[in-house]
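# A closer look at the structure
Spelled out from the first residue to the last, the chains are:
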Amino acid sequence: MEKKRVTGLGGIFFKCEEPQKLREWYQQHLGLNTDPYGAIFEWRKIDEPEAKGQTVWGTFKKDTDYFTPSAKDFMFNFRVDDLEWLLTELKKEGIEQLGEMQVYDYGKFAHIIDPEGNKIELWEAKD
């Protein structure tokens, strides 16, 4: 069986003029439980019902450079099972990693760019 590459949507991040006001609007009118970064949606894994996962909805200031080198106002985050393996496979396919892989208590992260210039964040989560 071939190893899975992307296992789900980890988050969507976007630039906005006034992140705090926008988060407050989403909280008031759509009921999102927001924090200073956005909102987190928890869910359970189908193949491991006792295990939880999360998807992040994140607001960024309009002048953030986090999405660089993309000129787009958004970035997708995709969840992966084995980031190091996936990066090796992508390299074989001619897709370059942006910068170094970053490791935090909550997972490993790496970035790539798609053919239309969209920055993609790959996340091996520690749920």
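Rules and cut-offs
Residues numbered from 1 in each chain as written. Predicted model: local features only at pLDDT ≥ 70, side-chain atom pairs only at ≥ 80, totals over all residues. Heavy atoms only, no water. Helix = DSSP H or I, 4+ residues; strand = E, 2+ residues; numbered from the N terminus. Buried < 20%, exposed > 50% of the residue type's maximum accessible area, 1.4 Å probe, protein only. Contact = heavy atoms within 4.5 Å. Areas by Shrake-Rupley, 256 points an atom, 1.4 Å probe, with all protein chains shown as cover. Lys, Arg positive; Asp, Glu negative; His and termini not counted. Charge placed at Lys NZ, Arg CZ, Asp CG, Glu CD. Pairing = 2+ DSSP bridges. Axes fitted to C-alpha atoms, helices over the stretch in contact; angles between N-to-C directions. Patch = residues over 30% accessible without salt bridge, like charges linked within 9 Å, V, L, I, M, F, W, Y side chains within 5 Å. Salt bridge = Lys/Arg side-chain N within 4 Å of Asp/Glu carboxyl O. Expected span 1.5 Å × (residues − 1). Phe/Tyr/Trp six-rings, centres within 6.5 Å; stacked < 30°, edge-to-face > 60°.

To continue, consider the overall build of the protein. For the protein, the count of helices and strands is two helices and eight strands. Ordered by position in the sequence, the α and β elements of the protein form the string β-α-β-β-β-β-α-β-β-β. Seen through its principal axes, the protein has C-alpha atoms that stretch 45 × 40 × 25 Å. For the protein, the residues scored as buried account for 34% of the 127 residues in total. A fraction of 57% describes how many contacts in the protein between residues 6 or more apart in sequence connect residues 24 or more apart. About 8,500 Å² of surface is accessible on the protein, with carbon and sulfur atoms providing 52% of the total. Taken together, the 18 basic and 25 acidic charged side chains of the protein have centroids lying 1 Å from each other.

Looking now at the sheet that holds strand S1 (residues 6–16). The strand order across the open sheet built from eight strands is S2-S3-S4-S1-S5-S8-S7-S6, with neighbouring strands paired in mixed fashion. Here the strands that pair on one side only, and so sit at the sheet edges, are strand S2 (34–35) and strand S6 (98–104). Of the strands in this sheet, S1, S2, strand S3 (38–44) and strand S4 (52–61) touch helix H1 (residues 19–30), which is tilted by about 135° from S4.

Okay, a nonpolar patch on the surface next. On the surface, a nonpolar cluster with roughly 220 Å² of combined accessible area is contributed by Leu9, Ile12 and Phe76. The topology assignment puts Ile12 in strand S1.

Glancing now at H1. In this model, H1 (twelve residues) spans 16 Å end to end at C-alpha, consistent with the 16 Å of a helix rising 1.5 Å per residue. Looking one or two places after H1, you find Gly31, whose phi comes out positive at around 75°.

Attention now goes to the environment of Gly8. With respect to the helices and strands, the residue Gly8 is situated in strand S1. Taking the C-alpha atoms as reference, Gly8 lies 20 Å from Asp105; in sequence the two are 97 residues apart. In this structure Gly8 touches Phe78 and Arg79, once residues within four positions along its chain are discounted.

Here we take up the packing of aromatic side chains. Under the definition given, this model contains 13 aromatic pairs. An angle of 5° between the planes, with centres 5.5 Å apart, marks the rings of Phe60 and Tyr66 as stacked. With relative accessibility at 30%, the residue Tyr66 sits in the partly exposed group. Ring centres of Tyr106 and Phe109 lie 5.8 Å apart, and the angle between their planes is 70°; on these two criteria the pair is classed as edge-to-face. Residue Tyr106 is classed as partly exposed on the basis of its relative accessible area of 45%.

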